[in-house]
Each structure stands twice: as C-alpha cells, then as structure tokens.
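Spelled out, the chains give:
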Amino acid sequence: MPPQLVPEDLAVYWTGRPATTIRRWATEGRLTRHHNPQRRNGVLYDLAELPEAERDKDTRELLAPAPTPPVIETTPLLAA
C-alpha cells in the first residue's frame, strides 16, 4: 500500500505539535520528508510515521500532544 502523504499543516493538527517540531523531527531522522513540486513548500510527511495526539472525541480539542517518535532505523552505509 502506498504511503498516505500529508502536508505540514495536517501533520501539525494530527500530532498536536507546532510546525517547527515537525520539521525538527524530520531533521533528526524521526520522519521522512517526501518532496512534491506541485505543493507550495513541496514537503509532505507519511501519516504512518506521525504519532497521533490525544483529542476529545466530541470536540476534537487537544488533550495531549503526540509523543516524540523514535529515530527511523536505517541500514548503515559502512559495515565493519
């Protein structure tokens, strides 16, 4: 199944975290940036990698922001 890619504003809502935190997580290797030249800033995030914030089921008010995701494991380029 292809990844479900969302723009930064939807990633902010989903996680309950500010946009700067989403960008920092991507820089730290916790999220994958997907580039899309048709979008204004051209960056999309995989919804499966974004932790979900806790929200009230009726009002959708933010109760608790999402926890920090772990660093995505990658295969080392040089093996000893």
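The structure contained in this document is the topic of the report that follows. Residue positions are given per chain, counting from 1 as you read along its sequence in written order. Note on the predicted model: pLDDT of at least 70 is required for a residue's local features to be given, and 80 or more for side-chain atom pairs to be given and counted; whole-chain, interface and lining totals, by contrast, use all residues. With hydrogens and water stripped out, all remaining heavy atoms of the structure feed into the side-chain values.

Turning our attention to the overall build of the chain. Helix and strand counts for the chain stand at two helices and five strands. The secondary structure elements of the chain, listed N-terminal to C-terminal, are β-α-α-β-β-β-β. Exposure is judged per residue with a 1.4 Å probe applied to protein chains only, and the accessible area is read against the type maximum: over 50% gives exposed, under 20% gives buried, and values in between give partly exposed. The proportion of buried residues among the 80 residues of the chain is 28%. Contact definition: two residues touch when any of their heavy atoms are within 4.5 Å. Intrachain contacts of the chain at a sequence separation of at least 6 include 50% that bridge at least 24 residues. A 1.4 Å probe and the Shrake-Rupley method give the accessible areas. Residues count as covered only by the protein chains that appear here. Surface summary for the chain: the accessible area is close to 5,900 Å², and the carbon and sulfur share equals 55%. The charge count treats Lys and Arg as positive and Asp and Glu as negative. His and the chain ends do not count. A single reference atom marks each charge: NZ on Lys, CZ on Arg, CG on Asp, CD on Glu. Here the chain contributes 10 positive and 11 negative side-chain charges, whose respective centroids are spaced 6 Å apart. Comment: elements are numbered from the N terminus, with helices defined as DSSP H or I runs of at least four residues and strands as E runs of at least two.

Attention now moves to the pattern of salt bridges. Oppositely charged side chains are able to pair whenever their charged atoms sit close together. For this analysis, a salt bridge means a side-chain nitrogen from Lys or Arg found within 4 Å of a carboxyl oxygen belonging to Asp or Glu. Within the structure shown, the criterion is met by three salt bridges. Taking the shortest distance from any N to any O, the salt bridge between Arg 23 and Glu 8 comes out at 3.0 Å. Of the two residues, Arg 23 is situated in helix H2 (residues 19-27) and Glu 8 in helix H1 (residues 8-15); the sequence distance between them amounts to 15 residues. Glu 28 is the salt-bridge partner of Arg 24, the closest N and O atoms lying 3.2 Å from each other. Here the salt bridges share partners, and the residues they tie into one network are Arg 24, Glu 28 and Arg 30.

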